[in-house]
Number of protein chains: 2
Amino acid sequence: MSSTRAGEFALIDAFLAPFGLSRESRAMAPGAAGVILGPGDDCARLLPSRGKQLIATTDAAVDGVHFDLARSSAEDAGWKALAMNLSDLAAAGAVPRWFLCALSVPKLARAQAIATAQGFARGMAQLAKASGCTLVGGNVTRARDWSITITALGETAHPLSRAGGKPGDRLLLVGELGAAALGLILLRKRRKPALGKDERAAVQAQLRPVPQARAGQIAARLASAAIDLSDGLLQDLGHLCARSGCTAELQLASLPRSPAVRAHEAKAATRGAHPYALSLSGGEEYALLLAVPRKHVATLRARLAREQIDSNVIGSLATPKRFSRTPNAITLWDQDRAIPLPERLGHDHLAR
Amino acid sequence: MSSTRAGEFALIDAFLAPFGLSRESRAMAPGAAGVILGPGDDCARLLPSRGKQLIATTDAAVDGVHFDLARSSAEDAGWKALAMNLSDLAAAGAVPRWFLCALSVPKLARAQAIATAQGFARGMAQLAKASGCTLVGGNVTRARDWSITITALGETAHPLSRAGGKPGDRLLLVGELGAAALGLILLRKRRKPALGKDERAAVQAQLRPVPQARAGQIAARLASAAIDLSDGLLQDLGHLCARSGCTAELQLASLPRSPAVRAHEAKAATRGAHPYALSLSGGEEYALLLAVPRKHVATLRARLAREQIDSNVIGSLATPKRFSRTPNAITLWDQDRAIPLPERLGHDHLAR
């Protein structure tokens, strides 16, 4: 080892340790199926399963944008960076297999840099272990800010995508709405209020989102389309509608919201905000939105329930009206009364 | 499309255009084999080839670290970011298949951001087309600096790695030494000198490195180990030695250096620098270093020559001396005279 690279190598070793790996570990940790050669070489060597499609996604988490080391731990950031990617695999109905992690490291005192990198790895390794997803490669580089760019690879024989939804399909939501957005509001408060149980759950939803991997796999053979809610329900449902060539109707009363989210939305509504602002446009929920043919809804919900996964029918897809100027439009219903959309539909990744 | 995301989507569209893609293009460009679903969904869906291993690598290029938009074009940066990854695939002997690109975008005037992103894509698309590697997914996020993080996927039935070299193997180098490092020195000069043909080639080697993809594929069945030279010959050869459990001997007279590199090294030596400083420790060459059993050297060189690929035997692997304190040591030979190593062995990715 060259002395000039001692800093880089010490950081890589600290990062690999929580995964039970080192730069010298050629063989992978037990249970890492399909990995012939992992971190420590130029490339990982993997054995895809026969008869499956390979599902690939990449997502970056940047300090000050997707996480904030001033307000949350490196462990939380590492967890979230991987969760963002696993949530995309969940929306494809894929089983997570492998991931690569490119880390950007700012100039810091060496001990601090190493501690932060290892913190990322600890949080990431927890979720990786729980998800059966193996770290197989990575990269370290200098940059002005910490960032974590992950590429996750999964497999499935029955992939879901945003396309494929049909008019009449029910919209089934796995997960809750608005909690992650409320969590961010609470984390950003200068004066920290005492938090109730529900509000602590909202903070947790922001810091440690849980990708709906199992639900996606269960849904893969029954749903017609899927998307994960990273940008807010309205925006992501809009993507699904556009790809599926449908409009959508949402029943506001059916949106799954915790009491804390309801309370926050009600309070904000007295100041003129949309009464479902967090639930409809919140973002970063990593809930799973499925379009499901009517005849499969009961079966799918039963299969999810068998694995203790809650789901809610929140609306349905519909046929675009001819000559409509907004062909992919979403209509909000409060019982039988149409409610206007909020002004801000969702989250712009270049605006925050 | 939500108006709040217009900026993000316009940038994504501009980025996809040079690849002949759009957010709406579900089908891929003609010739993109093995791609069922490309950019525009949560995940790409790919069909791995039967009987092949999947080879995966990730590498980030950051403005001000790996490229410098103040000194070179966005096209060059995009090319280089992909080249860094394809060079890793080359060292594994893999055929490039697919890549994903995560882009970090600083706050800039919208037109400038879009023009730069499209410049990256133009350079990347040129190399992607020449390499038969298809863009299948990506991500856009806000950050303080431009960065391009690529994950490249390739396939081969006969992968190479750093391990597997044996004492007696010849060290075969495909590509030149020192040119990329000289190019960087020339680019960083405040007063721009008039450049000779050779020096312009050095600048080109820094800005548009050419991954040795074909050479890696040809070598896959004959070489015993391989590494690409991203960090300088001595450092990368050290990695190969460590993994292969060998020492190495290099014949300095055999190192392939352009006249401009020789002239620069000779001039620097008069000021006390190591006489082969650029060639031995330069970095970013993306040349391919192969360990080749003696009996295969002539065959491999002939096969490379048939495709107009130059190669040079620059040394050999040897057995570590027992009780040696530096088991992976590299010895430099000037004919039969041992020459000391330079003080700086290579490139620290956290130091630059």
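Residues numbered from 1 in each chain as written. Chains lettered and ligands numbered in written order. Predicted model: local features only at pLDDT ≥ 70, side-chain atom pairs only at ≥ 80, totals over all residues.

**Description of the nonpolar core**
The biggest cluster of nonpolar side chains holds 190 residues, and the ones touching the most others in it are L289 of chain A together with L289 of chain B. Apart from the residues lying within four places of it in its own chain, the contact partners of L289 of chain B are L171, L173, A226, I227, L229, D236, L237 and L240 of chain B. (Core = buried A, V, L, I, M, F, W, Y, C linked by C-beta atoms within 7 Å. Buried ≥ 20, exposed ≤ 12 C-beta atoms within 10 Å, placed from the backbone. Contact = placed C-beta atoms within 7 Å.)

**Comments concerning helix α3 (residues 110-131) of chain A**
Residue and element names in this part refer to chain A. Between its first and last C-alpha atoms α3 spans 31 Å; for 22 residues at 1.5 Å apiece the expected length is 32 Å, and the two agree. Among the residues of α3, T116, A117, Q118, G119, F120, A121, G123, M124, A125, L127, A128 and S131 are the ones counted as buried. Residue G132 follows α3 closely and has a positive phi angle near 70 degrees. (Helix = DSSP H or I, 4+ residues; strand = E, 2+ residues; numbered from the N terminus. Expected span 1.5 Å × (residues − 1).)

**Structural notes on the pairing of strand β11 (residues 312-318) of chain A**
All names here are of chain A. The pairing of strand β7 (residues 170-174) with β11 spans four bridges and is classified as antiparallel. Across the sheet, residue L171 finds its bridge partner in β11, namely G315. Where strand β9 (residues 247-251) lies against β11, four bridges are found, and the strand directions are antiparallel. Bridge assignment links E249 to a residue of β11, and that residue is S316. (Pairing = 2+ DSSP bridges.)

**Some remarks on unusual backbone geometry**
Residues and elements named next belong to chain A. Although it is not a glycine, E284 adopts a positive phi angle of roughly 60 degrees. Along the chain, E284 falls in the loop between α9 (277-281) and β10 (288-292). When the 23 C-beta atoms within 10 Å are taken as the criterion, E284 is described as buried.

**What about the environment of L187 of chain A?**
All names here are of chain A. Summarising the element assignment, L187 is placed in helix α4 (residues 179-188). A count of 16 C-beta atoms within 10 Å places L187 in the partly exposed class. The spatial distance from the C-alpha of L187 to the C-alpha of L207 is 9.5 Å, given a sequence separation of 20 residues. If near-sequence neighbours (up to four positions away) are discounted, L187 is found in contact with R71, V203 and Q206.

**Some remarks on the domain arrangement of chain A**
How big an interface is tends to be reported as the loss of accessible area on association of its parts. Residue and element names in this part refer to chain A. Splitting chain A by domain gives domain 1 (3-156) and domain 2 (170-339). Taken together, the contact pairs 19 residues of domain 1 with 19 residues of domain 2. Contributions of two or more residues to the side of domain 1 that touches domain 2 are made by α2 (74-91) and β4 (95-105). Looking at which element gives the most residues to the side of domain 1 that touches domain 2, the answer is α2, with 11 residues. Residue composition of the side of domain 1 that touches domain 2, grouped by class: 10 nonpolar, five polar and four charged. (Domains from an automatic or database assignment. Nonpolar A, V, L, I, M, F, W, Y, C, P; charged D, E, K, R; others polar.)

**Observations regarding the interface of chain B and chain A**
Across the boundary between the two partners, chain B contributes 65 residues, which contact 65 residues of chain A. For the side of chain B that touches chain A, the leading source of residues is strand β3 (residues 53-62) of chain B, giving nine residues. Its residues assigned to classes, the side of chain B that touches chain A shows 29 nonpolar, 19 polar and 17 charged. Two strands pair when backbone bridges link them, and strand β3 (residues 53-62) of chain A and strand β2 (residues 44-46) of chain B are joined in this way by three bridges, in the antiparallel orientation.

**Things to note about the relation of the copies chain B and chain A**
Aligned on chain A, chain B shows an RMSD of 0.0 Å; the corresponding rotation is 180 degrees and the shift along the axis is 0.0 Å. The relationship between the two copies is best expressed as a two-fold rotation axis. With an isologous cut-off of 70% or more, the 100% of interface residues of chain B that recur at the interface of chain A puts this contact in the isologous class. (Least-squares fit on C-alpha atoms with pLDDT ≥ 70 in both.)

**Quick word on the confidence of the model for chain A**
When pLDDT is averaged across chain A, the result is 90; 90% of the residues are at 70 or more. What the predictor reports for the complex is a pTM of 0.92 with an ipTM of 0.91. (pLDDT = per-residue confidence, 0-100.)

**So, the sheet that holds strand β13 (residues 337-339) of chain B**
All names here are of chain B. Taken in spatial order, the seven strands line up as β8-β10-β7-β11-β9-β12-β13 in an open sheet, and their pairing is mixed. Because the sheet does not close on itself, it has two edges, and the strands there are β8 (225-228) and β13. Neighbour-to-neighbour, the strand axes of the sheet open up by a mean angle of 30 degrees, direction not taken into account. Lying on the sheet, helix α2 (residues 74-91) is in contact with β8 and β10 (288-292); it crosses β8 at an angle near 170 degrees. Together, β7 (170-174), β10 and β11 (312-318) form the strand contacts of helix α10 (residues 294-306), whose direction differs from that of β7 by roughly 15 degrees. (Axes fitted to C-alpha atoms, helices over the stretch in contact; angles between N-to-C directions.)

**What about the pairing of strand β12 (residues 330-334) of chain A?**
Residues and elements named next belong to chain A. Relative to β12, β9 is paired through four bridges, and the arrangement is parallel. When the bridges of β12 are listed, A248 appears paired with I330. Looking at chain direction, β12 and strand β13 (residues 337-339) are connected through three bridges and run antiparallel. Within β13, the position partnered with D334 by the bridge is R337. Linking β12 back to β13 in an antiparallel pair, the connection comprises two residues, with Q335 at a positive phi of about 55 degrees.

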